[in-house]
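Results of the structural survey
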Amino acid sequence: MASGDMFNCKKVKATAVSSSATENRCGWLQNPTPGNWWLDDADASWTMMTQGGGYEPEGMDIIPDISEGDYVRTNGNYGYACACMEVETDADEERITRILWFRQLSISKCENDNNLDDPE
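Below or above, wherever it landed, is the structure these notes cover. Within each chain, residue numbers correspond to sequence positions counted from 1 in written order. Selection of residues for local features in this predicted model requires a pLDDT of at least 70, selection of side-chain atom pairs for listing and counting requires 80 or more, and totals for whole chains, interfaces and linings are taken over all residues. To get the side-chain values, take all heavy atoms of the structure and skip hydrogens and water.

Thoughts on unusual backbone geometry
Not every positive phi belongs to a glycine, and Glu 94 is a case in point at roughly 50°. Note on conventions: DSSP H or I runs of at least 4 residues are helices, E runs of at least 2 residues are strands, and numbering of each starts at the N terminus. Looking at the element boundaries, Glu 94 is found in the loop between strand E6 (78–90) and strand E7 (95–105).

What follows is the structure, given as structure tokens:
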């Protein structure tokens, strides 16, 4: 994406993979408190992890320390960033089940996307 290009966080393409779908999703990556992670895009709020939930999607370890990039701190060491991810999802549960690729973007990319609500 060249500088000045419009940014659109809508999903690109979904392909059935058993009960999951592989898709590119872009939006607000939120980590407001320990163990709580989700991605809010134009379609849904996709749960990745919840504190005490006992579930962590495969590939969670490829997400770097987002506070080292363009990041908004909201609660001590916790906050949110703008990101794109290639993921597998469970659409019925609005859950990310596997993370295949991750890229953190500038906050302005999500701020300027009219398809996204403001982060919580």
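Quick notes on the nonpolar core
Counting residues in each nonpolar core, the largest one holds 18 residues, and the members touching the most others are Leu 29, Trp 37, Met 48, Ile 63, Ile 66, Met 85 and Ile 99. The element that contributes the greatest number of residues to this core is E6, accounting for four residues. Not counting residues up to four positions away in its chain, the partners in contact with Trp 37 are Leu 29, Gln 30, Asn 31, Thr 47, Met 48, Met 49, Met 60, Ile 63 and Ile 66. Only buried residues count toward a nonpolar core. Its members are Ala, Val, Leu, Ile, Met, Phe, Trp, Tyr and Cys residues joined through side-chain atoms within 4.5 Å. Each residue's exposure class comes from its accessible area (1.4 Å probe, protein chains only) as a fraction of the maximum for that residue type: buried when under 20%, exposed when over 50%, partly exposed otherwise. Counting residues in each nonpolar core, the second largest holds nine residues, with Cys 26, Cys 82, Leu 105 and Cys 110 among its members. What makes two residues a contact is simply this: any of their non-hydrogen atoms within 4.5 Å.

Considering the side chain of Arg 25
For Arg 25, the position within the fold is in strand E2 (residues 20–31). Identification of polar contacts relies on pairs of N or O atoms within 3.5 Å, with a donor-acceptor requirement for protein atoms, meaning one able to donate a hydrogen and the other able to accept it, and with residues adjacent in sequence counted only if both atoms are side-chain atoms. Of note is the side chain of Arg 25, whose polar atom sits 2.5 Å from the side chain of Glu 23.

Quick notes on the pattern of salt bridges
Think of a salt bridge as a Lys or Arg side-chain nitrogen and an Asp or Glu carboxyl oxygen that are within 4 Å of each other. This model, assessed by the stated rule, comprises five salt bridges. Notably, a salt bridge pairs Glu 23 with Arg 25, separated by 2.5 Å at the nearest N-O pair. By the burial criterion, Glu 23 is buried, and Arg 25 matches it. Relative accessible area serves as the criterion here: at 1%, Arg 25 is assigned to the buried category. Linked by salt bridges that have partners in common, Glu 23, Arg 25, Asp 41 and Asp 43 make up one network.

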